[in-house]
Amino acid sequence: MEMTFRWFGKDYDTVTLEQIRQIPGVKGVITTLYDTMPGDIWSRERIRMMKEEVEASGLHVSGIESVNVHDSIKIGDKDRDRYIDNYIETLKNLGEEDIHMVCYNFMPVFDWTRTELARLRPDGSTVMAYTKEAVDALDPEKMFDSIAGDMNGSVMPGWEPERMERVKELFEMYKDVDDDKLFENLKYFLERIMPVCNEYDIKMAIHPDDPAWSVFGLPRIIINKENILKMMSMVDDPHNGVTFCSGSYGTNINNDLPDMIRSLKGRIHFAHVRNLKFNTPTDFEEAAHLSEDGSFDMYEIMKALYDIGFDGPIRPDHGRMIWGEKAMPGYGLYDRALGATYLNGLWEAIVKESERCK
Ligand code: DNO
């Protein structure tokens, strides 16, 4: 595996490339052109500039998170082919610039959803949290307003204000889309992009729906082992793979994370590893990466990745806000750097132990 760090670009991130470079074991960043909209074509020139900027700091681009998918594609609207053509153009341009992993999601309307961005923990850190009761009581149109105050001035991925202004319209557009239809639209999209992914060796890594269940009655399909295996077989191409995100699949306590990892051998192209702490089955908060701080056995997660021969990029995921840092919720420097170091430590121990037992 290769330890990486997510970076939103210098105009959007409080963390600098110079800081990332000093995190032990981190050589690559996962980045994006954050100012592009779903459906835009990413030009080669802009991709090259992004790469050069990252490389000038001594790091390299390990992959993209995300090239977002236009709603017309998810809905299966009549203009979807135009947007798929644009997506293909972007993939080609990324391939030409030697970038080979693209994370994306197929979630309707909202990307990941939390009900609190700064829940105070007993140690004084703040974390993102989710309670089902809060979602049930909330009008989806008010979702953005209810969390906007805690964004620390950042634009959070999937929660761009321009998009949130259109929530009502978006809900209307998705009204005839159920799980089956969403699966069909995903299949159509994947079948169209696979030839270019093969030609340029671009590994597509779908991000799970977070949380891994339907919110506000919207269909959500990338939520469990059964569905993800269905997706793998419906377009059976090694370039059709997943981002294994422990914090997203782990929202559903019935998902056995190490078992899911083992069932996806060869198809995990990217890993997000983080821990959650469940207070009740419907109330969880994001913990430190350390197993003891949350509900997951992080050793078992890393061991499963090792056992399937995972060799793609991995990154620590949402961190707590600690040591007075003010940053995009989940994406500060300090706690994610601690997470990277801890995950690297687990990995080193697993590798050495396994080699000793051979
Ligand atoms: C949240 C992220 C997601 C993820 C997208 C992938 O912090 O993990 O926003 O990047 O769903 O497209």
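Reading guide: rules and limits
- Residues numbered from 1 in each chain as written.
- Predicted model: local features only at pLDDT ≥ 70, side-chain atom pairs only at ≥ 80, totals over all residues.
- Near = placed C-beta within 6 Å.
- Helix = DSSP H or I, 4+ residues; strand = E, 2+ residues; numbered from the N terminus.
- Buried ≥ 20, exposed ≤ 12 C-beta atoms within 10 Å, placed from the backbone.
- Pairing = 2+ DSSP bridges.

*Asks:* Looking at this structure, I do not really get the site of the ligand. What am I missing?
*Replies:* For the ligand, the set of nearby residues contains 13 residues, the closest of which are Ser 66, Asn 105, Trp 112, Pro 157 and His 207. In terms of residue count, strand β4 (residues 101-105) provides more of the shell around the ligand than any other element does, three residues in total.

*Asks:* When you look at the pairing of strand β9 (residues 268-273) in this model, what are you seeing that I'm missing?
*Replies:* For a regular strand, side chains alternate in direction, first toward one face of the sheet and then toward the other. Counted residue by residue, β9 has six buried out of six residues, so it is predominantly covered. By the bridge criterion, four bridges tie strand β8 (residues 240-245) to β9 in an arrangement that is parallel. By the bridge assignment, Val 242 is partnered in β9 with Ile 268. Sheet analysis places β9 next to strand β12 (residues 313-316), joined by three bridges and oriented parallel. Looking at β12, one finds that Ala 271 is bridged to Ile 314.

*Asks:* Looking at this model, I keep getting lost on the pairing of β4. Mind explaining?
*Replies:* Taking burial as the measure, the five residues of β4 include five buried ones, the bulk of the element. Strand direction decides the pairing type here: strand β3 (residues 60-65) and β4, joined by two bridges, are parallel. Following the sheet pairing, Glu 65 is matched in β4 by Cys 103. Here β4 pairs with strand β7 (residues 203-207) via five bridges, running parallel. Bridged to Val 102 within β7 is Met 204.

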